[in-house]
Amino acid sequence: MKRTTLTMSLIVSLALGTAACGSSTGTPSAADRAAGKPSAAPAARDDAGKGTPLDACTLLEPAEVTPVIGRNDGGRPTSGVGDSVCGWENPDTYHSITVSVGGPGTAASGRLADQPGVTEEAGPDGIRFLSGGVARFAAGDRDCQVQVVTAAGGTGDRATAVKLVGLLRDRI
């Protein structure tokens, strides 16, 4: 009886240990990101081109978000168009940045497909501006978007979005 209990305890311990070793996502918590701690793995790259979804919340550093919107929640997954969508929001002003990363192949050959019925304005470096302060861009073969909402609005938010697109393209 004692031998069976000991064997079962050993099996359960090994199973839990194995699960813990294999379950790391490499994605830092919002608190870690706010403290500037890096993720355990380069989160902005998919797994050797196998189409693994990216974590949009790891693509911008706190030092890149805070100067734009001020104090914020550190970035949280949110709903929207794309494989991974993350939003950073200032709870006092409701200023925000939202990043959406499309799946592999959504911008075949690095080109954005036209969206019937959607009004887009051409921007620099292949960026297309949509209503609501959204900047749409291709990053590799992914159709992505970034939205900046601040009191500056209009061209001020567009200029900030263009800067963020430059950072994001290098990380996706």
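Residues numbered from 1 in each chain as written. Predicted model: local features only at pLDDT ≥ 70, side-chain atom pairs only at ≥ 80, totals over all residues. Heavy atoms only, no water.

**Some remarks on the confidence of the model for the protein chain**
- Mean pLDDT over the protein chain stands at 77; residues scoring 70 or higher make up 67%.
- Predicted confidence is poor over residues 1–49, with pLDDT under 50, and the contacts of this stretch with residues over four places away or in other chains come to 36 contacts. (pLDDT = per-residue confidence, 0-100. Contact = heavy atoms within 4.5 Å.)

**Digging into the environment of Gly82**
- Mapped onto the fold, Gly82 is located in the loop between strand 1 (76–77) and strand 2 (84–89).
- With relative accessibility at 37%, the residue Gly82 sits in the partly exposed group.
- Along the chain, Gly82 and Ser100 lie 18 residues apart, while their C-alpha atoms are 5.6 Å from each other.
- Beyond its immediate sequence surroundings of up to four residues, Gly82 is in contact with Ser100, Val101 and Gly102. (Helix = DSSP H or I, 4+ residues; strand = E, 2+ residues; numbered from the N terminus. Buried < 20%, exposed > 50% of the residue type's maximum accessible area, 1.4 Å probe, protein only.)

**Notes on the sheet that holds strand 4 (residues 121–122)**
- Taken in spatial order, the seven strands of this open sheet run 1-2-3-7-6-5-4, and their pairing is antiparallel. Of all strands in the sheet, those with a lone pairing partner are strand 1 and strand 4, marking the two edges.
- Pairing geometry for strand 2 and strand 3 (residues 96–101), over six bridges, is antiparallel. What sits directly across from Cys86, in strand 3, is Val99.
- Its contacts with the sheet put helix 3 (residues 62–69) on strand 2, strand 3 and strand 7 (142–149), and the angle it makes with strand 3 is roughly 135°. (Pairing = 2+ DSSP bridges. Axes fitted to C-alpha atoms, helices over the stretch in contact; angles between N-to-C directions.)

**Section: the environment of Val146**
- Structurally, Val146 can be placed in strand 7.
- It is 6.3 Å that separates the C-alpha atoms of Val146 and Ser100, two residues lying 46 residues apart in sequence.
- Setting aside residues up to four positions removed in sequence, Val146 forms contacts with Ile97, Thr98, Val99, Gly133, Val134, Ala135, Phe137, Ala161, Leu164, Val165 and Leu168.

**Points about the pattern of salt bridges**
- A complete count under the given rule lists nine salt bridges for this structure.
- Measuring nitrogen to oxygen at the nearest pair gives 3.5 Å for the salt bridge that ties Arg76 to Asp73.
- Overall, the relative accessible area of 24% leaves Asp73 in the partly exposed class.
- With a shortest N-O distance of 2.6 Å, Arg136 and Glu120 are connected by a salt bridge. Pair noted here: Arg136 is in strand 6 (residues 134–139) and Glu120 is in the loop between strand 3 and strand 4, with a separation of 16 residues, a long-range link.
- Judged by relative accessible area, which is 1%, Arg136 ranks as buried.
- A residue is classified by how much of its surface remains accessible, and Glu120, at 24% relative accessible area, is partly exposed.
- Beyond isolated ion pairs, a larger network of salt bridges with shared partners links Asp114, Glu120, Arg128, Arg136 and Asp143. (Salt bridge = Lys/Arg side-chain N within 4 Å of Asp/Glu carboxyl O.)

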